[in-house]
Each structure stands twice: as C-alpha cells, then as structure tokens.
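Here is how the chains run, residue by residue.
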Amino acid sequence: MTGPSDAPLILAVNPGSTTSQYGLFRGAVCLGESDRPTEGSVEAVVAGGRRVVADLGHRTADLAAGMARGGLLRAVAGGVYEINDALVRDCLEHRYGRHAANLGPPAARMLAEQACARAFIADPPTTDELCDEARLTGLPEIGRRSIFHALNHKAVAAALAADLGTTCAAAHLVVVHMGGGLSVGAHLRGRVVDVNDALEGDGPFALNRSGGLPALAFVRWAQGKPADEVTRAVCKTGGLLAHLGTQDGREIERRVQGGDARATAVFEAFAYNIAKAVAALAVPLEGRVDGIGLTGGLARWQGLVDRLRERLAWLAPVHAYPGTREIPALAAAALSVLTGERRARAY
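As the structure is a prediction and not an experimental result, all values here were calculated from the model.

## Describing the state of the cysteines
And then number 1: Counted by the stated rule, this structure contains 0 disulfides.
And then number 2: We note that Cys 168 lacks a disulfide partner, and the nearest cysteine sulfur, in Cys 131, lies 18 Å from it.
And then number 3: Residue class for Cys 168 comes out partly exposed when judged on its relative accessible area of 24%.

## Quick notes on the side chain of His 187
And then number 1: Residue placement: His 187 occurs in strand S8 (residues 182–188).
And then number 2: What makes His 187 buried here is its relative accessible area of 4%.
And then number 3: At a separation of 3.1 Å, a polar atom in the side chain of His 187 contacts the side chain of His 153.

## Concerning the sheet that holds strand S4 (residues 65–68)
And then number 1: Spatially, S3-S2-S1-S4-S6-S5 is the arrangement adopted by the 6 strands of the open sheet, whose pairing is mixed. Of all strands in the sheet, those bounded by a partner on one side alone are strand S3 (29–37) and strand S5 (80–82). Along the sheet, successive strands turn relative to each other by an average axial angle of 20°, direction set aside.
And then number 2: Along the sheet face, helix H1 (residues 42–55) touches strand S1 (9–15), strand S2 (19–26) and S3 and points at about 40° away from the line of S2.
And then number 3: Running at roughly 140° to S1, helix H12 (residues 326–338) makes contact with S1, S2, S3, S4, S5 and strand S6 (118–122) of the sheet.

## Some remarks on the nonpolar core
And then number 1: In this structure, Val 174, Val 176, Met 178, Val 278, Ile 292 and Leu 304 are the most contacted members of the largest nonpolar core, which totals 38 residues.
And then number 2: Counting only elements with at least two residues in this core, the list comes to strand S7 (172–178), S8, helix H8 (239–244), helix H10 (261–280), strand S10 (291–296) and helix H11 (302–312).
And then number 3: Among the elements that line this core, the one with the most residues is H10, at 8 residues.
And then number 4: Beyond its immediate stretch of four places on either side in the chain, Leu 304 contacts Met 178, Phe 267, Phe 270, Ala 271 and Leu 298.
And then number 5: Listed in part, the 29 residues of the second largest apolar core include Val 42, Val 76, Ala 112 and Tyr 347.

## Quick word on the side chain of Arg 36
And then number 1: Relative to the helices and strands, Arg 36 is located in strand S3.
And then number 2: Judged by its relative accessible area of 19%, Arg 36 falls in the buried class.

## Let's talk about the packing of aromatic side chains
And then number 1: Applying the stated criterion across every chain yields a total of 3 aromatic pairs.
And then number 2: Where Phe 218 meets Trp 221, the ring centres are 5.8 Å apart and the plane angle is 25°; that geometry is what we call stacked. With Phe 218 and Trp 221 both in helix H6 (residues 215–222) and 3 residues apart, the pair spans about one turn of that helix.
And then number 3: When its relative accessible area of 37% is taken as the criterion, Trp 221 is described as partly exposed.
And then number 4: The ring of Tyr 347 is capped by Arg 74, whose NZ or CZ atom sits 4.3 Å from the centre of that ring.

## What to know about the pattern of salt bridges
And then number 1: Taken as a whole and judged by the stated rule, the model has 19 salt bridges.
And then number 2: A salt bridge links Glu 200 to Arg 145; the nearest nitrogen and oxygen atoms lie 3.0 Å apart. Within this pair, whereas Glu 200 is found in the loop between strand S9 (191–195) and H6, its partner Arg 145 is found in the loop between helix H4 (132–135) and helix H5 (150–163), the two being separated by 55 residues in sequence.
And then number 3: We classify Arg 145 as partly exposed; its relative accessible area is 33%.

## Some details on the layout of surface pockets
And then number 1: Estimated volume of the largest pocket: approximately 1700 Å³.
And then number 2: Lining the largest pocket are 47 residues; nearest its centre among them are Ser 17, Thr 18, Gly 179, Gly 180 and Gly 181.
And then number 3: When contributions to the lining of the largest pocket are tallied by element, the ones reaching two or more residues are S1, S2, S3, helix H7 (227–235), helix H9 (249–257) and H12.
And then number 4: Among the elements that make up the lining of the largest pocket, the one with the highest residue count is H7 (4 residues).

## Describing H7
What sets the pattern is the α-helix's 3.6 residues per turn: residues three or four places apart point alike.
And then number 1: Turning to H7, its buried residues number three or more, namely Val 230, Ala 233 and Val 234. Along the long axis of H7, the arc covered by the buried residues comes to 95°, so they all point the same way.
And then number 2: Check the buried side of H7 and you find it contacts H6.

## Some thoughts on the sheet that holds strand S11 (residues 318–322)
And then number 1: A sheet is described by the order of its strands in space; here 5 strands give the open sequence S9-S8-S7-S10-S11, paired in mixed fashion. The open sheet has two edge strands, S9 and S11, and neither has a second partner. In this sheet, adjacent strand axes meet at a mean angle of 25° when their direction is disregarded.
And then number 2: Where S10 meets S11, 5 bridges bridge the pair, whose relative direction is parallel. The residue of S11 that forms the bridge with Ile 292 is Val 318.
And then number 3: Across the face of the sheet, H5 comes into contact with S7, S8, S9, S10 and S11 while running at roughly 130° to S7.

Cut-offs applied
Residues numbered from 1 in each chain as written. Predicted model: local features only at pLDDT ≥ 70, side-chain atom pairs only at ≥ 80, totals over all residues. Heavy atoms only, no water. Disulfide = S-S within 2.5 Å. Buried < 20%, exposed > 50% of the residue type's maximum accessible area, 1.4 Å probe, protein only. Helix = DSSP H or I, 4+ residues; strand = E, 2+ residues; numbered from the N terminus. Polar contact = N/O pair within 3.5 Å; in protein donor to acceptor, adjacent residues only side chain to side chain. Pairing = 2+ DSSP bridges. Axes fitted to C-alpha atoms, helices over the stretch in contact; angles between N-to-C directions. Contact = heavy atoms within 4.5 Å. Core = buried A, V, L, I, M, F, W, Y, C linked by side-chain atoms within 4.5 Å. Phe/Tyr/Trp six-rings, centres within 6.5 Å; stacked < 30°, edge-to-face > 60°. Lys NZ or Arg CZ within 6 Å of the ring centre and 35° of its normal. Salt bridge = Lys/Arg side-chain N within 4 Å of Asp/Glu carboxyl O. 1 Å grid on protein atoms, 1.4 Å probe; cavity = no way out; pocket = protein on both sides within 12 Å on 5 of 7 lines; lining within 4 Å. Points joined across faces, edges and corners; volume = space filled by probe spheres on them. Arc of directions from axis to C-beta.

Listed below in structure tokens is the structure:
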C-alpha cells in the first residue's frame, strides 16, 4: 500500500536497549517497518535508517522529516519538539541519564540533514505533566520524577479513548505499559498527572526491575554491596527475573499453565501489584476511571490480561493493546507538524 506521491516521506527511528525500531511512512501510510539489533552508536542508527529507506525503494535525500522518540532529557511537557543543538548535546553527553534512546535524536537529525529536512522528537521518556502532589515524598531531598513510556502511553490513551467513544481531552484513563520496565499512568483529560518512575525502581515490580521496596529493608540489604551491583538489582536483575530466573514472559506463562507452584505464586503477586497500582490512580483521576489500557509486550500474555480484568472489572473496562504503537505515533506526530496541524515546541 502506498500513500499519495506528494505526501511527505517520514522516517521514524526508535533505538532500544537491545533492538532498534525503524518505520518509513508516506504521509500517514506505513511503507514498511523493521527491527534491527542496537549497536550502540549514533552512526549505527543512521546506517540502519539508510538501509531501511533503501530497502523500501526510496532515497534518504527525499525525506521530509526524521523523527525520534527522544532520550533522557530535562523534564518537558508532552508534545513535538524540533531537534536543536541543545537537545542533541544533552543526549550525547548523557546529561540526564544513559539510555539507548539517547541515540535517536542525533541520528534523526543527521538523517534529516542529508535531505535538508526537519527533525523532531515526540513525547520523550522525561515527559512531565505531574500534579504537584505527586512529586513530594517523605524526604524533602528526594522527589518523584516523571520518567516513563510516555510515547506509547499517549498513543494507547488515544486508542482507548476512541474505543470508549470519547477523546483524551474528555476522558479519565489509566494506561499500563508492561515490558522489561512497567509504568502505570493516570491520564486526566489528556495529561499524565501521576505515574511511577519506571526507570529507577518505583511502582510495581516488572520483568527485570525490582519496583518499590520497603526502604529500611532495602538499605540493610544494600549495605556493603558495590553500588553497581545494587543498581543492577533494581534496574536489570530484579522482578520476575530474580524470582524465577527468567524474564521471558512466554516461559513464565508456560510454567504457570503447567502448574508450577512457585511461578504461579509470583504471577499472582505480579498481577496483584499491577492491579493495586491501577486502582490507586482513581485518586488523581478524581474518583472516575473511564477505561484501563494494557500495553507493552506482556499485554500479549492472555493469562495476565485475563487476571487483571478479573481484578479490575469493578473499576472500569479493561482493553488490551499488545506491543507498542511508538513508530506509528512518531510518524503521526511529524506529519501533524509538517501539515500545519500543530507547531513544534522549542527545547
């Protein structure tokens, strides 16, 4: 399927920790998507983008826009941002943290420059729309940050609102992204006013992240351990992986279906903690939840989706959107700027 020949050609890139996603669009029409191993450099992401464009029979010189998810940046409101020198510098210098997504904006701009095109990001992980009450903790020195799967959250919220016959601007929604990391966000009339920090151990435990822990017990456990070991336990080797020795959701599902008592107990705790976090967000949503959207790779786990529906049916309808919608969302964001539907913000 092809779009109108005069529609803008848009390349979306989304580097991840292990896999980088690419998508080429003619206007709103997807010409093709591709996943490639992340090789850890801007040049590799640029090369991957060129290959995708060429494999689909087009030239990089014909691009109207290069688009990236955005990396770990300073806190910004949701929306589309033109990639400028300051944004690229913050990514390359890892000023606000290290993540493979930091490769995206420099790569998108390099690809766009070859075509004298524009380059953007949309709804980066540091999208911050938190209400003031969500930021404070019991220690003034430690505040809660907004770091989550913002791009996919926003795309799924739009799909959920449409399925409910309403709009994001009118709806009270909860979106749960379930992957290696896990984020549960309260979408109040289009703004994510409360969400756990999906990067640094807040919220429910996930495939390989510890989630929130009893503070003093954690301090005692961490004493005497090297800092990098503690960090790995929180961000890379905790969660289901720590309990069951695997972070493969399909393997865990097979164990549960096979009657493995330990896997079943961990699965039930996993679903319980997610459901508890969802229900808690009725507070920032002013006591009204119109719908709950489940997304990410683990939304393909039908047993988990069914269990969450059972636990949350009293609260709101639960809809599943397996995988992610990040590449189409990136292309749609770029197109909205190129067609004048909205203006790109300055970083």
